[in-house]
Every structure is written in structure tokens, then in C-alpha cells.
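Results of the structural survey
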Amino acid sequence: MSEWRIAFEPLITPIFRAWWRMRRGMTLGVRGVALDDQGRILLVRHTYAPGWHLPGGGVENGEAALDAILREMIEEGGVEAMATPTLIGFFSNHANFPNDHIALYRFDAWRPCPPSSEGEIAERGFFAADALPEGVTKGTRRRIAELFEGAPLSAHW
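Residues numbered from 1 in each chain as written. Predicted model: local features only at pLDDT ≥ 70, side-chain atom pairs only at ≥ 80, totals over all residues. Heavy atoms only, no water.

If you tally the helices and strands in the chain, you get three helices and nine strands. What you see in the chain, going N to C, is helices and strands ordered as α-β-β-β-β-α-β-β-β-β-β-α. For 157 residues, the compact-globule estimate of 2.2 N^0.38 gives 15 Å, and the C-alpha radius of gyration of the chain, at 15 Å, lies within 12% of that figure. Its C-alpha atoms put the chain at 40 × 35 × 30 Å along the principal axes. For the chain, with 157 residues in total, the buried portion stands at 40%. Taking contacts inside the chain between residues at least 6 apart in sequence as the whole, the part at least 24 apart equals 66%. As displayed, the chain has an accessible area near 8700 Å², and 57% of this comes from carbon and sulfur atoms. (Helix = DSSP H or I, 4+ residues; strand = E, 2+ residues; numbered from the N terminus. Rg over C-alpha atoms; globule rule 2.2 N^0.38 Å. Buried < 20%, exposed > 50% of the residue type's maximum accessible area, 1.4 Å probe, protein only. Contact = heavy atoms within 4.5 Å. Areas by Shrake-Rupley, 256 points an atom, 1.4 Å probe, with all protein chains shown as cover.)

Residue placement: Ser 117 occurs in the loop between β8 (110-112) and β9 (121-127). Accessibility expressed as a relative area gives 14% for Ser 117, which makes it buried. Of the polar contacts made by the side chain of Ser 117, one reaches the side chain of Glu 120; its length is 3.1 Å. With residues up to four places along the chain from it excluded, the contact list for Ser 117 reads Glu 75 and Glu 76. (Polar contact = N/O pair within 3.5 Å; in protein donor to acceptor, adjacent residues only side chain to side chain.)

Below, the discussion takes up the packing of aromatic side chains. Counted under the stated rule, the structure contains three aromatic pairs. When the ring of Phe 91 is compared with that of Trp 157, the centres are 5.8 Å apart and the planes differ by 70 degrees; the resulting orientation is edge-to-face. With Phe 91 in strand β6 (residues 86-92) and Trp 157 in the segment after α3 (138-148), the pair connects residues that are 66 residues apart, well separated along the chain. Arranged with centres 5.9 Å apart and planes meeting at 5 degrees, the rings of Trp 110 and Phe 126 form a pair that is stacked. (Phe/Tyr/Trp six-rings, centres within 6.5 Å; stacked < 30°, edge-to-face > 60°.)

Take Arg 106: it is sitting in strand β7 (residues 100-107). Only 2.8 Å separates the side chain of Arg 106 from the side chain of Asp 108, close enough to count as a polar contact.

With that settled, the discussion passes to the nonpolar core. Of all hydrophobic cores here, the largest spans 13 residues; its most connected members are Leu 43, Leu 54, Leu 104, Leu 132 and Trp 157. Where this core is concerned, the elements lending two or more residues are β2 (41-46) and β7. With residues near it in sequence (within four places) discarded, Leu 54 still touches Arg 31, Gly 32, Val 33, Ile 41, Leu 42, Leu 43, Val 44, Leu 104, Thr 140, Arg 143 and Trp 157. By size, the runner-up hydrophobic cluster in this structure holds 12 residues, among which are Ala 34, Ala 65, Tyr 105 and Phe 107. (Core = buried A, V, L, I, M, F, W, Y, C linked by side-chain atoms within 4.5 Å.)

This part is about α3. Three or more residues of α3 are buried, namely Gly 139, Thr 140, Arg 143, Ile 144, Ala 145 and Glu 146. Backbone geometry just after α3 places Gly 150 at a positive phi near 75 degrees.

So, to be careful, I would describe these as geometric facts and stop short of saying anything about function.
Now the structure itself:
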């Protein structure tokens with residue numbers, strides 16, 4: 001990612017999101033859950049949005065959700081699937097946009113690879129469910145609690 005884009009990403013991202021929302025009736029994002037050999041969860045912190053998140057991003061026009069999560073996990077997390085990830089579920093993300101949804105996938109078999117995203121990710125790391133970093137987003141915390149702590153399932157991200 002070029003130096004100017006890194007510098008202006010916090011400003012241009014909201015503009016692009018507004019444009020996408022006007023052009024699309026519904027938006028779809030994907031997020032992935034990958035655990036290391038110690039059972040710790042992969043989280044990323046973006047340069048353009050606050051908080052720690054499960055890796056993922058938007059599904060592009062003409063792209064399948066499965067293809068999007070495979071791409072995003074390589075780009076953001078340095079995770080290359082060795083088997084087809086399992087779809088956990090779809091969640092509404094109406095706090096972000098009134099018609100936004102997120103598909104969540106679990107990566108049971110993967111190998112590390114060089115992340116291909118340049119400048120988009122400020123930090124990435126694996127964290128125990130009971131020792132998450134400060135600033136984990138509410139939606140990410142909710143999914144982790146559901147998947148690893150037995151919390152009741154919610155349809156909302």
C-alpha cells in the first residue's frame with residue numbers, strides 16, 4: 001500500500017463506505033476464526049478503524065463469500081486454508097449499516113503464509129479467549145464468548 005494511502009486511509013475509508021452503501025442495497029462482509037496450536041485466537045488491528053477484530057473484510061461484487069474469506073485471511077492474517085473453512089453463521093451488523101451482514105467462518109486446517117496486505121494491518125496476534133487485548137470490538141467479543149465460553153447465540157454482530 002502506498003505511503004499516501006496509508007496516511008489518508010482514515011479519511012478515505014468513511015467516504016468509500018458511504019459510497020458503497022448508496023450503491024448497494026445490502027452489504028456483506030466476512031470474518032474468520034483461526035486458532036494456533038495453543039488454542040489462541042487470531043485477531044488483527046487495522047490502521048483505519050479502532051479496535052481488535054477477527055480478520056476479514058468486504059465481499060466484492062461478483063465474489064463468493066467463501067472466496068472473500070480465503071482472500072482476506074491471507075491478506076490480513078497470514079492464514080492459508082488447507083481445507084475448506086466451515087461456515088459458522090450469518091450475523092446482522094445493523095450498527096454499522098442498516099442492511100449489513102457478516103458471514104463468519106472457522107478455519108480448522110491452515111498454514112501460515114506471508115500476509116499480503118501492505119499497510120492495512122497495524123498489528124496481528126494470537127490471544128487466549130480469557131486474555132484478549134484491550135480494545136477488542138463488541139462484535140468480536142460476542143463471537144468469542146459464543147464460540148469459546150458457551151454464551152447464548154445472538155443474530156447480531
